[in-house]
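# Analysis of the macromolecular model
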Amino acid sequence: MSTVNTMIRLTPVKPATVRRALTRIDTKTVRTHPDGVRPGAPGISVRTLATLQRGRLIRLGAEVPLRGRNMGITRAGRQALIARGAHRKGAWARLLREELTWTTAGGEVLEIADMHPYHCANAAAWLQRNASAIRADAEPRRRGDAVAWIDETPLMRALVAAVEGALP
């Protein structure tokens, strides 16, 4: 009896979901499962994986015995993860030196002083969640704790100061 692969048309997921999945893959916290065991990867839906594969943002690596296949993030996937506006290698090195502005994923530059404290806290949390990928772009040879490193950047200090300044 032969198995027939049926192609299910899956709608793409939101960009934020794609970035979250790319982060989990980049930090090697998930692996895919071999065909036949179960589709997808722990914590990443089949729909998200289909979006990543369709956009050539991930590639499947060699099979790992009893643990499924490694997932590797492609160059396009890494750029999608860390891009802020028009991406170029090392863009984060410049952005992290900023003390007055935050650049959104769409390339919009916002004054930190004009941002709502909740937005500043959210931006700071995003930086911490993505610290390893950001450091790989900004300072690829640096070792040690990525979160501690990002906490010392002028951008993070400015975001935290904006939140603390708004507290009663």
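Description of the structure in this document. (Residues numbered from 1 in each chain as written. Predicted model: local features only at pLDDT ≥ 70, side-chain atom pairs only at ≥ 80, totals over all residues. Heavy atoms only, no water.)

### Digging into the overall build of the protein chain
- Counting secondary structure elements, the protein chain contains eight helices and four strands.
- Sequence-ordered secondary structure for the protein chain, helices as α and strands as β, is α-α-β-β-α-α-β-β-α-α-α-α.
- Burial status across the protein chain gives 36% buried among its 168 residues.
- Restricting to contacts in the protein chain with at least 6 residues of sequence separation, those with at least 24 account for 52%.
- Carbon and sulfur atoms provide 54% of the accessible area of the protein chain, an area that totals close to 10,800 Å². (Helix = DSSP H or I, 4+ residues; strand = E, 2+ residues; numbered from the N terminus. Buried < 20%, exposed > 50% of the residue type's maximum accessible area, 1.4 Å probe, protein only. Contact = heavy atoms within 4.5 Å. Areas by Shrake-Rupley, 256 points an atom, 1.4 Å probe, with all protein chains shown as cover.)

### Examining the nonpolar core
- In this structure, Leu96, Trp102, Leu127 and Leu159 are the most contacted members of the largest nonpolar core, which totals 22 residues.
- Setting aside its immediate chain neighbours within four residues, Leu127 contacts Trp92, Leu96, Trp102, Ile134, Ile150, Leu155, Met156 and Leu159.
- The next biggest cluster of nonpolar side chains, apart from the first, holds 14 residues, and it includes Leu22, Ile44, Leu49 and Ile58. (Core = buried A, V, L, I, M, F, W, Y, C linked by side-chain atoms within 4.5 Å.)

### A closer look at the environment of Arg142
- Summarising the element assignment, Arg142 is placed in the loop between helix H6 (131-138) and helix H7 (146-151).
- Among residues more than four places away in sequence, those in contact with Arg142 are Arg135 and Trp149.

### Re the layout of surface pockets
- Counted as a void, the second largest pocket has a volume near 180 Å³.
- Around the second largest pocket sit Ala16, Arg19, Arg20, Thr23, Trp126, Arg129 and Asn130, which together line it.
- In terms of residue count, helix H1 (residues 15-26) provides more of the lining of the second largest pocket than any other element does, four residues in total.
- In terms of residue class, the lining of the second largest pocket is made up of two nonpolar, two polar and three charged. (1 Å grid on protein atoms, 1.4 Å probe; cavity = no way out; pocket = protein on both sides within 12 Å on 5 of 7 lines; lining within 4 Å. Points joined across faces, edges and corners; volume = space filled by probe spheres on them. Nonpolar A, V, L, I, M, F, W, Y, C, P; charged D, E, K, R; others polar.)

### Digging into the packing of H1 against helix H2 (residues 46-54)
- In the contact formed by H1 and H2, the axes pass within 10 Å of each other and the chain directions differ by 85°. Judged by the angle between their axes, H1 and H2 are roughly perpendicular. Facing H1, whose interface residues are Thr17, Val18, Ala21, Leu22 and Ile25, H2 presents Thr48, Thr51 and Leu52.
- Broken down by class, the residue content of the contact of H1 with H2 amounts to five nonpolar, three polar and no charged. (Axes fitted to C-alpha atoms, helices over the stretch in contact; angles between N-to-C directions. Parallel < 35°, antiparallel > 145°, perpendicular 65-115°, else oblique.)

### Details of unusual backbone geometry
- At Arg56, a residue that is not glycine, the phi angle is positive and equals roughly 55°.
- The residue Arg56 is located in the loop between H2 and strand E1 (58-64) in this model.

### A few points about the packing of aromatic side chains
- In the structure shown here, the tally under the stated rule is one aromatic pair.
- Centroid distance Trp92 to Trp126: 5.9 Å. Interplanar angle 25°. Geometry classified as stacked. Of this pair, Trp92 sits in helix H4 (residues 91-95) while Trp126 sits in helix H5 (residues 117-129); the two residues are 34 residues apart in sequence, bridging distant segments of the chain. (Phe/Tyr/Trp six-rings, centres within 6.5 Å; stacked < 30°, edge-to-face > 60°.)

### Thoughts on H2
- The set of residues buried in H2 consists of Thr48, Leu49, Ala50, Thr51 and Leu52.
- A positive backbone phi angle near 55° is found at Arg56, which sits one or two residues after H2.

### Focus on the pattern of salt bridges
- Enumeration over the complete set of coordinates arrives at one salt bridge.
- Among the salt bridges present, the one from Glu139 reaches Arg142, with a minimum N-O distance of 3.3 Å.
- What makes Arg142 partly exposed here is its relative accessible area of 41%. (Salt bridge = Lys/Arg side-chain N within 4 Å of Asp/Glu carboxyl O.)

### Brief notes about H1
- Taking 1.5 Å of rise per residue, 12 residues should cover 16 Å, and H1 covers 16 Å from first to last C-alpha, within 8% of that figure.
- Inspection of H1 places Val18, Ala21, Leu22, Thr23, Ile25 and Asp26 among the buried residues, and these make up the whole buried set.
- Looking one or two places after H1, you find Lys28, whose phi comes out positive at around 60°. (Expected span 1.5 Å × (residues − 1).)

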